[in-house]
Amino acid sequence: QQNVQQSPESLIVPEGARTSLNCTFSDSASQYFWWYRQHSGKAPKALMSIFSNGEKEEGRFTIHLNKASLHFSLHIRDSQPSDSALYLCAPTGGYKVVFGSGTRLLVSP
Amino acid sequence: EAAVTQSPRSKVAVTGGKVTLSCHQTNNHDYMYWYRQDTGHGLRLIHYSYVADSTEKGDIPDGYKASRPSQENFSLILELASLSQTAVYFCASSGQISNERLFFGHGTKLSVL
């Protein structure tokens, strides 16, 4: 049974700051590692994913993955107020897709 | 972009009543999921399906049934609704396991009184 934990639960950062969100998982057979973003009152939407150890950058967003440590993270450079949302991680490896409990990010102008 | 449609958008139900939430996708996706989200929290998996006429239990299946009569349709049934089932329910679909993203419906806000 996949156990997914996210930290911190919430954080507030000033506009322009670098933000780091963490996700740990228990199933070492996980193959793909997703981050989703959910703005208030909206449906979750996939942000980006990674499948091999290392890092992947897309614009202001970077994912780091360390499979041996059962950990991956999302880093946001130059955080914007529009980045304020609930961030959900989902390590996947089969039919069953389980999410973490989320990190609520507030970027203050 | 892939389309997932949920109905109704919101519903008020009475304790002990039966509630059916519907989900329809037109993406030819094999995998469909039902999640519940309590205010300010993450998504918890209720039921999922990877083929028509078959469903699987997720992490919190108690009090819920699911039905997948066709590839396009996936329903969530609350036979005896309870106050604790007040939440927002999201349906999602994906084309393949693991390497494809989930596409979510807009959610159904259920209030049980």
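The notes below deal with the structure included here. None of the values given here were measured: they were computed from a predicted structure. (Residues numbered from 1 in each chain as written. Chains lettered and ligands numbered in written order. Predicted model: local features only at pLDDT ≥ 70, side-chain atom pairs only at ≥ 80, totals over all residues. Heavy atoms only, no water.)

### Regarding the pairing of strand β7 (residues 61–66) of chain A
All names here are of chain A.
In step 1: One ladder, built from 5 bridges, connects strand β6 (residues 54–58) with β7; its direction is antiparallel. Considered in β7, the bridge of Lys56 is made with Ile63.
In step 2: Taking the residues that link successive antiparallel strands as the turn, the β6-β7 hairpin has 2 residues, and the phi of Gly59 there is positive, at about 65 degrees. (Pairing = 2+ DSSP bridges. Helix = DSSP H or I, 4+ residues; strand = E, 2+ residues; numbered from the N terminus.)

### Concerning the sheet that holds strand β4 (residues 32–38) of chain A
Sheet strands pair via backbone hydrogen bonds, and the direction of the pair is either parallel or antiparallel.
Residues and elements named next belong to chain A.
In step 1: Strand order in the open sheet made by the 5 strands is β2-β10-β9-β4-β5, with mixed pairing throughout. The sheet is open, and its two borders are formed by β2 (10–14) and β5 (45–50), each paired with just one other strand. Strand-to-strand twist of the sheet, defined as the mean angle between neighbouring strand axes without regard to direction, takes the value 25 degrees.
In step 2: Across 5 bridges, the pairing between β4 and β5 is antiparallel. Bridge pairing in β5 places Trp35 opposite Met48. (Axes fitted to C-alpha atoms, helices over the stretch in contact; angles between N-to-C directions.)

### Remarks on the state of the cysteines
Residue and element names in this part refer to chain A.
In step 1: For the structure shown, the criterion picks out 2 disulfides over all chains.
In step 2: Through a disulfide, Cys23 is tied to Cys89; the S-S separation comes to 2.0 Å. Judged by the torsion about the S-S bond (70 degrees), the Cys23/Cys89 disulfide is right-handed. Here Cys23 is found in strand β3 (residues 19–25), whereas its partner Cys89 is found in strand β9 (residues 85–92), with 66 residues between them in sequence.
In step 3: The buried category is assigned to Cys23, whose relative accessible area is 0%.
In step 4: A relative accessible area of 0% places Cys89 in the buried class. (Disulfide = S-S within 2.5 Å. Buried < 20%, exposed > 50% of the residue type's maximum accessible area, 1.4 Å probe, protein only.)

### A short note on the sheet that holds β3 of chain A
Residues and elements named next belong to chain A.
In step 1: Taken in spatial order, the 5 strands line up as β1-β3-β8-β7-β6 in an open sheet, and their pairing is antiparallel. A strand with exactly one partner marks an edge of an open sheet, and here the two such strands are β1 (4–7) and β6. With direction set aside, neighbouring strand axes in the sheet form an average angle of 15 degrees.
In step 2: Of the pairings in the sheet, the one linking β3 to strand β8 (residues 71–76) comprises 6 bridges and is antiparallel in character. Note that in β8 the partner of Thr24 across the bridge is His71.

### Quick notes on unusual backbone geometry
In step 1: Here the amide bond leading from Ser7 of chain A into Pro8 of chain A is cis, since omega sits at -10 degrees, within 30 degrees of zero.
In step 2: Inspection of the secondary structure puts Pro8 of chain A in the loop between β1 and β2.
In step 3: Phi at Asp78 of chain A takes a positive value of approximately 55 degrees, unusual for a residue other than glycine.
In step 4: Here Asp78 of chain A lies in the loop between β8 and β9.
In step 5: For Asp78 of chain A, a relative accessible area of 35% puts it in the partly exposed group.
In step 6: The phi torsion at Asn28 of chain B lies on the positive side, around 60 degrees, for a residue other than glycine.
In step 7: Mapped onto the elements of the fold, Asn28 of chain B is located in the loop between β3 (19–25) and β4 (31–37).

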